[in-house]
Amino acid sequence: MAPPTGQPHIVVHAPALDGSRRVTSGDETLGIASHVDDVGEILRLADLYVTDVEEADLIEWQGGGPDDWPGLSEHHEA
């Protein structure tokens, strides 16, 4: 689904080998997230206040949803 008119298109990219995920708006990298909470903080710092990043229409999750952080969870369990 396309984001509402006037809203930026935010992409949370597929996880890297370490489990982190790049967050972009268009061609601009907003930050690197290592947890779903990081996505909200990255958007807040970019003056994009999203109350529920897991359900927001303006966010496209690639390579898995907001619960997919492979690599990082394995490090936390070890």
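The structure contained in this document is the topic of the report that follows. (Residues numbered from 1 in each chain as written. Predicted model: local features only at pLDDT ≥ 70, side-chain atom pairs only at ≥ 80, totals over all residues. Heavy atoms only, no water.)

Helices and strands together make up the secondary structure of the chain, namely two helices and four strands. Across the chain, helices and strands are ordered from the amino to the carboxyl terminus as β-β-β-α-β-α. Burial status across the chain gives 33% buried among its 78 residues. At a minimum sequence separation of 6, the contacts of the chain that also span at least 24 residues come to 45%. (Helix = DSSP H or I, 4+ residues; strand = E, 2+ residues; numbered from the N terminus. Buried < 20%, exposed > 50% of the residue type's maximum accessible area, 1.4 Å probe, protein only. Contact = heavy atoms within 4.5 Å.)

Moving on to the pattern of salt bridges. Tallied over the full model, the rule gives one salt bridge. Here Arg44 and Glu41 are joined by a salt bridge, their closest N and O atoms 2.7 Å apart. You can see Arg44 and its partner Glu41 sitting in helix H1 (residues 36-45), three residues apart, about one turn around the helix. On the basis of relative accessibility, which here comes to 37%, the residue Arg44 falls in the partly exposed class. (Salt bridge = Lys/Arg side-chain N within 4 Å of Asp/Glu carboxyl O.)

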